[in-house]
Amino acid sequence: MAHSGPKTPHSDTLAVHAGQSPDPATGARAVPIYQTASFVFPDTDTAASLFNMETPGHVYSRISNPTVSVFEERIAALEGGAGAIATASGQAALHLAVVTLMGQGGHIVASASLYGGSHNLFAYTLPRFGITTTFVSSRDLAAWKRAVTPQTRLLFGETVGNPSVDVLDIPALSGLAQEHAIPLLVDATVSTPCLGRPLEQGAHLVMHSATKFLSGHGVVIGGVLVDGGRFDWVRSGKYPTLTEPYEGFHGMVFAEESTAAAFLLRARREGLRDFGACMAPMTAFQILQGIETLPLRMERHIANTGKVVAFLAAQPMVERVHHPDLATHPDHALAKRDYPKGCSAILAFELKGGRDAGRKFIEALTLFSHLANIGDAKSLVIHPASTTHFRMDDAALAAAGISPGTVRLSIGLEHADDLIEDLARALRASQR
Amino acid sequence: MQFIVQGYPAYAYTGAKAFDPTLPAIVFVHGAALDHSVWQWQSRYFAHHGHAVLAVDLPGHGRSPGALRTTIEALADWIAALIDAAGLQRASVVGHSMGSLVALDTALRHGDRLARLALIGASIPMPVGEAFLAAARDNSPAGIEMETVWGHARQSLLIGSHVPGLSLLGASRQLNARAKPGVQYADLAACNAYRPAAEAVRALRMPTLVVAGKRDQMAQFKAGQALAGEIPGAEFVALDAGHSMMSEAPRETLDALRRFLR
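The rules behind each value
Residues numbered from 1 in each chain as written. Chains lettered and ligands numbered in written order. Predicted model: local features only at pLDDT ≥ 70, side-chain atom pairs only at ≥ 80, totals over all residues. Helix = DSSP H or I, 4+ residues; strand = E, 2+ residues; numbered from the N terminus. Buried ≥ 20, exposed ≤ 12 C-beta atoms within 10 Å, placed from the backbone. Contact = placed C-beta atoms within 7 Å. Rg over C-alpha atoms; globule rule 2.2 N^0.38 Å. Nonpolar A, V, L, I, M, F, W, Y, C, P; charged D, E, K, R; others polar. Domains from an automatic or database assignment. Pairing = 2+ DSSP bridges. Core = buried A, V, L, I, M, F, W, Y, C linked by C-beta atoms within 7 Å. Axes fitted to C-alpha atoms, helices over the stretch in contact; angles between N-to-C directions. Parallel < 35°, antiparallel > 145°, perpendicular 65-115°, else oblique. Expected span 1.5 Å × (residues − 1). Bend = angle between axes of the 7 residues up to and from the residue. pLDDT = per-residue confidence, 0-100.

Moving on: the overall build of chain B. Of the regular secondary structure elements, chain B holds 11 helices and eight strands. When its C-alpha atoms are laid out on the principal axes, chain B stretches across 45 × 40 × 35 Å. By the burial criterion, 59% of the 262 residues in chain B qualify as buried. Sequence separation of 24 or more characterises 75% of the internal contacts of chain B that already satisfy a separation of 6 or more.

This is how it looks when you write it as structure tokens:
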């Protein structure tokens, strides 16, 4: 028998309202910026209760802040998660996830097709702290399986890889994660909660660089980590940070304290407290301004991208375009299945003439800005091999789907005809 | 910590303090298809303020194995057996939703083991709609959705939570979804069928607190008011919250319990 549950608000409504009530002190409808380091305790008993987690509330803005909480709860609602923690950057969110789950001896299996910053963290920095990573092709499920060891504590990939625009098969990886009782964390920066809902597809944890589409205007640095609340840490038996007493909080056992939000508790009570990579209230406010229009903006980003992809694919001086809209892209069918509204306003392409043509092309663009970012209202361009991914050797570049001539575009909100005109002119210049 | 109750292990969260049966004890009883963690704030507070706390996982729920009990009376017998197993003469019992029925029934039939009684989100009777029961019987995700959405004030996704960064609805949905197949239906059917004798309720002689949410979509506010009116001398506290007062109004719920249980 079919059953229908009660309705909950659509994403468009959540993007505008979730996690915020009009300010009880002033009636302010917009989210107030609580620009304060600390919060006054009404009495000594309440102070002690807040510190000992006998009552919820704000104590110090490194741990939580009312403006930042609105952002956290809004993202949690959009992703359908149990809760979220805002961080100083996307990198801080990724680091927070890793260190909450494992210490020395921990192992991660990650897609080889990652943002260069994430690759740096896994390949060069975490090994210094005894955490190692095996990189595998995002598309090779057998390789993911082979890479899992008894020490593996996390699977990690980008929902849509940057810059190669490969699509992660979340349901398939979720199956592998469950088989080994380890969680799947995905970086959903490129897809945003408007285009895909990774927790519903089987991911256990989601992170974003909120600097990108969530904020949408290239004005802040921020990140967020969302817990789906579904992973059973106790049954897994591989996560003593969540299931054994923590001396740093009077022997608290996080998974006893909160069945569905143990991960968030530890990440906040240890991770934000001790590593301190918190988000500033002003940053949260600016990201919230962006989120209110996220559903509208993503529609335009995707529509513009479709036109640019079609244009570039028809140009003789373009060797290859990487975008799942194209039937020739290896993830075309997967993208249609998991991202029916479109999956990426990021695309990459290879110019005929390699690195030299790429340099001429980028320098001839006038509307596209040459910089290291994605997900801005403005259209952006970069040459990954010499910038975002320059620490990778040729083999790692190839594994990440990048060649010396790859150009990455982040398509903005300008009129598509103007973007195409700029690209057409620069393409001609690249071949001179 | 674990006890052996009616032959099976029984888990109870002690509020992160070693259980001391010489202290005044409080047993917290959760609602349908939930577990001890719904009392996260309140149980921890009392454990750190001079009480022995047992926030139980009812049999077949959370960390407690054992067969599901299919009637409120059987669950009440289990609570009485737990009080025994914990080496307590008497305990105060605080119940939420289905747990409030269990607490009430424990008071009605094992009154000598109870010190005080607190009923949160309570209603007598506690009828469960046919569509809700059917969804639970079929272990449909719609059953989880109904319990989650109706278990909070209307549009609770759109308002700020009292627990920074936590989505009350999202966390509650995941807690519900962890219940094993059959648990939600057994619990809801037990609630639906429970009909204590009105004269027994009116004859109850026990210090009682009834807490009702003005925006409760599951147990009507008026039903809570009426129940408080039936129990001689019962105190009544109205909160601006939905059915999940412990997380929707954690401070106010704690204040009400603190005044009553001190």
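Additional details are given in the paragraphs that follow.
Helix and strand counts for chain A come out as 19 helices and 12 strands. Over its C-alpha trace chain A gives a radius of gyration of 22 Å, about what one expects of a compact globule, namely 22 Å for 432 residues. Considering only C-alpha atoms, chain A reaches an extent of 75 × 55 × 55 Å along its principal axes. The buried share among the 432 residues of chain A stands at 53%. Put simply, 73% of the contacts in chain A that link residues at least 6 apart link residues at least 24 apart.

Contact with chain A, which involves 46 residues of that partner, is made by 41 residues of chain B. Where the side of chain A that touches chain B is concerned, the elements lending two or more residues are α1 (11–17), α3 (66–79), β1 (83–87), α12 (254–257) and α13 (262–275) of chain A. Considering every element that reaches the side of chain A that touches chain B, the biggest residue donor is α3(A), with six residues. The residue makeup of the side of chain A that touches chain B, split by class, is 17 nonpolar, 22 polar and seven charged.

Residue and element names in this part refer to chain B. Looking at the element boundaries, Tyr185 is found in helix α7 (residues 183–193). In sequence terms Tyr185 and Ala134 are 51 residues apart; their C-alpha atoms lie 8.2 Å from each other. Those residues in contact with Tyr185, other than ones at most four positions away along the chain, are Ala136 and Arg137.

All names here are of chain A. By the assigned domains, chain A splits into domain 1 (11–290) and domain 2 (295–430). Those elements giving two or more residues to the side of domain 1 that touches domain 2 turn out to be α1, α5 (116–125) and α8 (192–195). Residues that form the side of domain 1 that touches domain 2 fall into these classes: 13 nonpolar, 16 polar and five charged.

Between Ile124(B) and Pro125(B) the backbone carries a cis peptide bond, its omega angle lying at -5 degrees. Within the secondary structure, Pro125(B) is located in the loop between β6 (114–120) and α4 (130–137). Positive phi outside glycine occurs at His250(A), with the angle close to 55 degrees. Within the secondary structure, His250(A) is located in the loop between α11 (240–243) and α12. Assessed through the 12 C-beta atoms surrounding it within 10 Å, His250(A) is described here as exposed. Residue Ala16(B) is not a glycine yet carries a positive backbone phi of 65 degrees. In this fold, Ala16(B) is placed in the loop between β2 (8–13) and β3 (25–29). Since 21 C-beta atoms lie within 10 Å of it, Ala16(B) is described here as buried.

Read from one edge of the open sheet, five strands run β8-β9-β12-β11-β10 (chain A), paired in mixed fashion. The two strands at the open ends of the sheet, each matched to only one other strand, are β8 (318–322) and β10 (369–370) of chain A.

Core analysis: the largest hydrophobic core is formed by 219 residues, its most contacted members being Ala97(A), Val224(A), Leu225(A), Val27(B), Val56(B), Ile79(B) and Leu82(B). Structurally, this core is a two-domain feature, drawing no fewer than three residues from each of domain 1 (11–290) and domain 2 (295–430) of chain A. When near neighbours in sequence (up to four residues on either side) are disregarded, Leu82(B) contacts Phe3(B), Val5(B), Ala10(B), Val27(B), Leu54(B) and Val56(B).

Residues and elements named next belong to chain A. Judged by pairing direction, the sheet is mixed, and its seven strands sit side by side in the order β1-β7-β6-β5-β4-β2-β3 without closing on themselves. The open sheet terminates on both sides in strands that have one partner only, identified here as β1 and β3 (132–136). For this sheet the average axis-to-axis angle between neighbouring strands, irrespective of direction, equals 20 degrees. With four bridges joining them, strand β4 (residues 152–158) and strand β5 (residues 184–187) adopt parallel strand pairing. Looking at the pairing, Phe156 lines up with Leu185 of β5. Packed onto the sheet, α3 meets β1, β6 (205–209) and β7 (223–227) and runs at close to 130 degrees relative to β1. Of the strands in this sheet, β1, β4, β5, β6 and β7 are in contact with helix α4 (residues 90–101), which crosses β7 at around 40 degrees.

Now for the packing of helix α2 (residues 72–85) of chain B against helix α3 (residues 98–109) of chain B. All names here are of chain B. Orientation of α2 relative to α3, taken along the N-to-C sense of each, is 70 degrees, at an axis distance of 8 Å. Relative to α3, α2 is oriented roughly perpendicular. Here Ile72, Glu73, Leu75, Ala76, Ile79 and Ala80 of α2 come into contact with α3, specifically with Leu101, Val102, Asp105, Thr106 and Arg109. Tallied by class, the residues present in the contact of α2 with α3 amount to seven nonpolar, one polar and three charged.

In terms of burial, α7(B) is a largely internal element, eight of the 11 residues being buried. Residues of α7(B) that are buried sit in contact with α2, α3, α4 and α5 (141–150) of chain B.

Topologically, Gly31(B) is positioned in the loop between β3 and α1 (40–47). Residues Gly31(B) and Gly121(B), spaced 90 residues apart in sequence, show a C-alpha to C-alpha distance of 9.6 Å.

With that settled, the discussion passes to α13(A). Quick reminder: α-helices carry 3.6 residues per turn. Residues three or four places apart thus point the same way. All names here are of chain A. Along its 14 residues, α13 runs 18 Å from first to last C-alpha, staying within 8% of the 20 Å computed at 1.5 Å per residue. Along α13, the sharpest change in direction is near 25 degrees and occurs at Arg268. For α13, the complete set of buried residues consists of Ala262, Phe263, Leu264, Leu265, Arg266, Ala267, Arg268, Gly271 and Leu272. Buried residues in α13 make contact with β1, α4, β7, α10 (233–236), α11 and α12. Where α13 ends, the next residue or the one after it, Gly276, has phi of about 75 degrees, a positive value.

Let's shift gears to the confidence of the model for chain B. Taken as a whole, chain B shows an average pLDDT of 97; of its residues, 100% reach a score of 70 or greater. What the predictor reports for the complex is a pTM of 0.96 with an ipTM of 0.96.

Okay, the pairing of β3(B) next. All names here are of chain B. The element β3 is extensively covered by neighbouring structure, given that five of its five residues are classed as buried. Both faces of β3 are covered, namely the face carrying Ala25, Val27 and Val29 and the face carrying Ile26 and Phe28. As judged from the four bridges shared by β3 and strand β4 (residues 52–56), these two strands associate in the parallel manner. For Val27, the partnering residue across the bridge sits in β4 and is Leu54.

With that settled, consider the pairing of β2(B). Residue and element names in this part refer to chain B. Pairing of strand β1 (residues 2–5) with β2 involves four bridges; the strand directions are antiparallel. Residue pairing in the sheet places Val5 in a bridge with Tyr8 of β2. Linking β1 to β2, which pair antiparallel, is a turn of two residues; within it Gln6 sits at a positive phi near 50 degrees.

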